[in-house]
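Residues per chain, in single letters:
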Amino acid sequence: MAVNKIEICLKEVLKKAIIDLEYVDDYSVDKIVIEIPKDKAHGDYSSNIAMQLTKILKRNPREIAQGIIEAIDKEAGNIDHVEIAGPGFINLFLRKDAMTSIIKEVLEEKDNYGKTKYGKGTKYNVEFVSANPTGDLHLGHARGAAVGDCICRIMNAAGYDVTREYYINDAGNQITNLALSLYARYLQALGYEKQLPEDGYHGQDIIDIASQIKEEIGERYVDADEKEAIAYFRKVGTEFELQKIKDILNEYRVSYDVWFSETSLYDENKVEPTIQKLTDKGYTYEADGALWFKSTEFGDDKDRVLVKTDGSYTYLTPDIAYHLNKLDRGYEYLVDLLGADHHGYINRMKAAIQALGYNADQLNIDIMQMVRMVENGEVVKMSKRTGNAVTIKDLIDDIGVDATRYFFASKSGSSPFDFDLGLAKSQSNDNPVYYAQYAHARMCSILNQAKNACIDVSDHYELLVHTKEIELVKHINEFRNEVIESAKLRAPHKITNYIQRLAQLFHSFYNDCYVIDENNKELSSQRLSLVVASQITLKNALNLVGVEAPEKM
RNA sequence: AGCGAUGUAGCUCAGGGGAUAGAGCAGCCGCCUCCUAAGCGGCAGGUCGAGCGUUCAAAUCGCUUCAUCGCUGCCA
């Protein structure tokens, strides 16, 4: 489904030409590729249709192209002239005013410009971050949070119905461990001797929480039954940690629709019936005193244990119940954003949902490659200030929400990347995000000046014929396509690339085309319309990656 | 050993069948009596890890190979 009027029109015109020429009986418009050439000397758009047709027609592509350019209806396509180039490209040069009509559309749609119904309201559940509530979120989570949040914003804009979800692992051993660690720190805070568990949480955050708890409850659990005490610290520890996670994500401008508790799976008895379902379908067996899931029947490397010899579940078991629950809630597709260290998880979870009657392609697990912090070419594991792993908080404090988010959103999640903190800090003023924000501030400044000079936007644009104006208009015209592409690939960096280019084209236009000119109000007014369209588009694009569009800098 | 990811400019990364391979940062040279110089214009910088294949066309697809990282629990 195409959403760009000009492109639809050009494809129709090309289609009509090849049918009129009897090159083909019929041809799907979707198969006709037109693209914007990198080099504008190759036209506003180009098509490789003649080269594609060589296979069917068994003729020289330039010959085929010659036929097409003679048959093409230039009037209907708003085409100025057509050229054949290279091996058989058809380069289309549009009339100068062909694309300026997009300005009017943008001015009318305002905040909605860029939004489409492309996704047809398909229900998606996107789960991301889902870190255990046992400590602060760090570097890897910061990447997952930024990318996940951007994906949701972008998919929403492209017309998908997206639910953002966080799975809280609040039932496993790690929470018991948290409780034991807190209990120890609590007693220590009151001056009692108590050893931290061997594999306990040694971080400063645990000490801080314990001290807060001490302030609230005093010595209440000093002489209490240990079981009772641990149950208390389990509950209160999870609440504290979760609240910290919510607070920092909020500060990071990441929001959720659903916070799903693992414990609720047990409270609502979802786990045992899930195992039963697998057993009923014949996908489990007992061996070595454990209950196994025959995941190999669905392409996994080996079968997986569901119930351990000691009767407890592996981590996988509640996770299967959780994924089943999500699918049963009516989402057509699930997306999980996971760190690269969890990639082994893909096959077994896909196996599980297939065993439970769903399709493998309903679960999309996007793997986020690792983030390493590097300084002077050395990998740094710890924050210099706190001595702990680098947290989102460190990033926000050091380089700011906008720059951090933009930085993560700019990189494809599938490539590992080295985050040079020293560089990010020292060059924060030259960070690409400021380049884009500065462009926006400039636009707003012009808008203010125009208001003072009593210049208003125009609804016709025939004077916008400068190269810089045309280039800017063409890029604005591409925005909806770019949002759709980005949504389909779940690739926010497509949007930051778009933003970068938009800012660049605007800065260049700004230098060559003076907007406010009291002696030429008509041109001023038309240019002002272009500035408004640029400002709306840039603001909407920045919003898709959760970055502010400042009016002043 | 097997599975996965990655290898593109000095650095961090885009491009993922199509024309002369791009951006930001770093470097060099120019541009403010005029809407924000956090800007613009220009220069320099590349065996797209290597090899073989598929194709009219390969950085892009396939195979081989080298390198780096991750995973290969009845941990979560």
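Numbering of residues begins from 1 in every chain and follows the order in which that chain's sequence is written. To read the labels, note that chains go from A and ligands from 1, taken in the order they are written. Since the coordinates come from a predicted model, pLDDT governs what is reported: local features require at least 70, and pairs of side-chain atoms require 80 or more to be given and counted, while whole-chain, interface and lining totals use all residues. Side-chain descriptors were evaluated using all non-hydrogen atoms of the structure, hydrogens and water having been removed beforehand.

**Focus on the overall build of chain A**
- Under the scheme used here, helices are H or I runs from DSSP no shorter than 4 residues and strands are E runs no shorter than 2 residues, and both carry numbers assigned from the N terminus. Of regular secondary structure, chain A possesses 21 helices and 15 strands.
- Along the first, second and third principal axes, the C-alpha atoms of chain A reach 90 × 60 × 40 Å.
- Note on contacts: a residue pair qualifies if any of its non-hydrogen atoms lie within 4.5 Å across the two residues. Put simply, of all contacts in chain A between residues at least 6 apart along the chain, 73% involve residues at least 24 apart.
- Only the protein chains shown count as cover for residues, and all accessible areas are computed by the Shrake-Rupley method using a 1.4 Å probe. When the accessible area of chain A is evaluated, it comes to approximately 25800 Å², of which 46% is carbon and sulfur surface.
- If you average the places of the 65 positive and of the 86 negative side-chain charges in chain A, the two averages end up 3 Å apart. Only four residue types enter the charge count, namely Lys and Arg as positive and Asp and Glu as negative; His and the chain termini do not. Think of each charge as sitting on NZ of Lys, CZ of Arg, CG of Asp or CD of Glu.

**Things to note about the sheet that holds strand S11 (residues 333-339)**
- If you trace the five strands from one edge of the open sheet to the other, you get S7-S6-S5-S11-S12, paired in parallel fashion. In this open sheet, the two strands that pair with only one neighbour each are strand S7 (258-261) and strand S12 (363-368). Between one strand and the next, the sheet's axes are offset by a mean angle of 25°, whatever the strand orientation.
- One bridge is not enough; two strands pair if DSSP finds at least two bridges between them. Relative to strand S6 (residues 161-168), strand S5 (residues 123-127) is paired through five bridges, and the arrangement is parallel. Fitted lines through C-alpha atoms give the axes, limited to the stretch in contact for helices. The angle between two N-to-C directions lies from 0 to 180 degrees.

**Thoughts on the protein's contact with RNA strand B**
- Nearness here has a simple test: a residue counts as near a molecule or strand if at least one of its heavy atoms is within 4 Å of that partner. Among the 62 residues in the neighbourhood of RNA strand B, the closest are listed as Phe417, Tyr438, Ser445, Asn497 and Tyr514.
- We call two N or O atoms a polar contact when they sit within 3.5 Å, provided that within protein one can donate a hydrogen and the other can accept it, with sequence-adjacent residues counted only if both atoms are side-chain atoms. For RNA strand B, a base nitrogen lies 3.4 Å from a polar atom in the side chain of Asn48.
- The set of elements that each furnish at least two residues to the surface near RNA strand B consists of strand S4 (89-94), helix H7 (173-189), strand S9 (290-293), strand S15 (417-420), helix H17 (432-452) and helix H20 (493-512).
- Ranked by residues supplied to the surface near RNA strand B, first place goes to H17 with nine residues.
- Each residue gets one label: Ala, Val, Leu, Ile, Met, Phe, Trp, Tyr, Cys and Pro are nonpolar, Asp, Glu, Lys and Arg are charged, and the others, such as Gly, are polar. Residue classes in the surface near RNA strand B are distributed as 24 nonpolar, 25 polar and 13 charged.

**Focus: the confidence of the model for chain A**
- Along the chain, pLDDT gives the predictor's confidence residue by residue, from 0 to 100. Of the residues in chain A, 96% reach a pLDDT of 70 or more, and the chain-wide mean stands at 90.
- Model confidence for the complex: the whole-complex pTM is 0.94, and ipTM, which rates the interface, is 0.95.

**Describing the layout of surface pockets**
- Put plainly, a pocket is an open set of points on a 1 Å grid over the protein atoms alone with protein on both sides within 12 Å along at least five of seven lines, a cavity is a set where a 1.4 Å probe fits but cannot get out, and a lining residue has an atom within 4 Å of a point. Grid points are joined across faces, edges and corners, and a volume is the space filled by probe spheres set on the points. Empty space within the second largest pocket amounts to approximately 1100 Å³.
- Residue lining of the second largest pocket: 35 residues in total, with Glu7, Ile34, Glu35, Ile36 and Glu478 positioned closest to the centre.
- At the level of elements, helix H1 (5-20), strand S1 (34-35), strand S2 (45-47), S4, helix H18 (467-477), helix H19 (479-489) and H20 are the ones that each hand at least two residues to the lining of the second largest pocket.
- The element contributing the most residues to the lining of the second largest pocket is H19, with six residues.

**A look at H17**
- A helix is expected to span 1.5 Å multiplied by its residue count minus one. Along its 21 residues, H17 runs 31 Å from first to last C-alpha, staying within 8% of the 30 Å computed at 1.5 Å per residue.
- The buried label goes to any residue with under 20% of its type's maximum accessible area, the exposed label to any with over 50%, and the partly exposed label to all in between, with areas taken from a 1.4 Å probe on protein chains only. Among all positions of H17, only Val433, Ala436, Gln437, Ala439, His440, Ala441, Arg442, Met443, Cys444, Ile446 and Ala450 are buried.
- On its buried side, H17 packs onto helix H15 (401-409), H20 and helix H21 (521-544).

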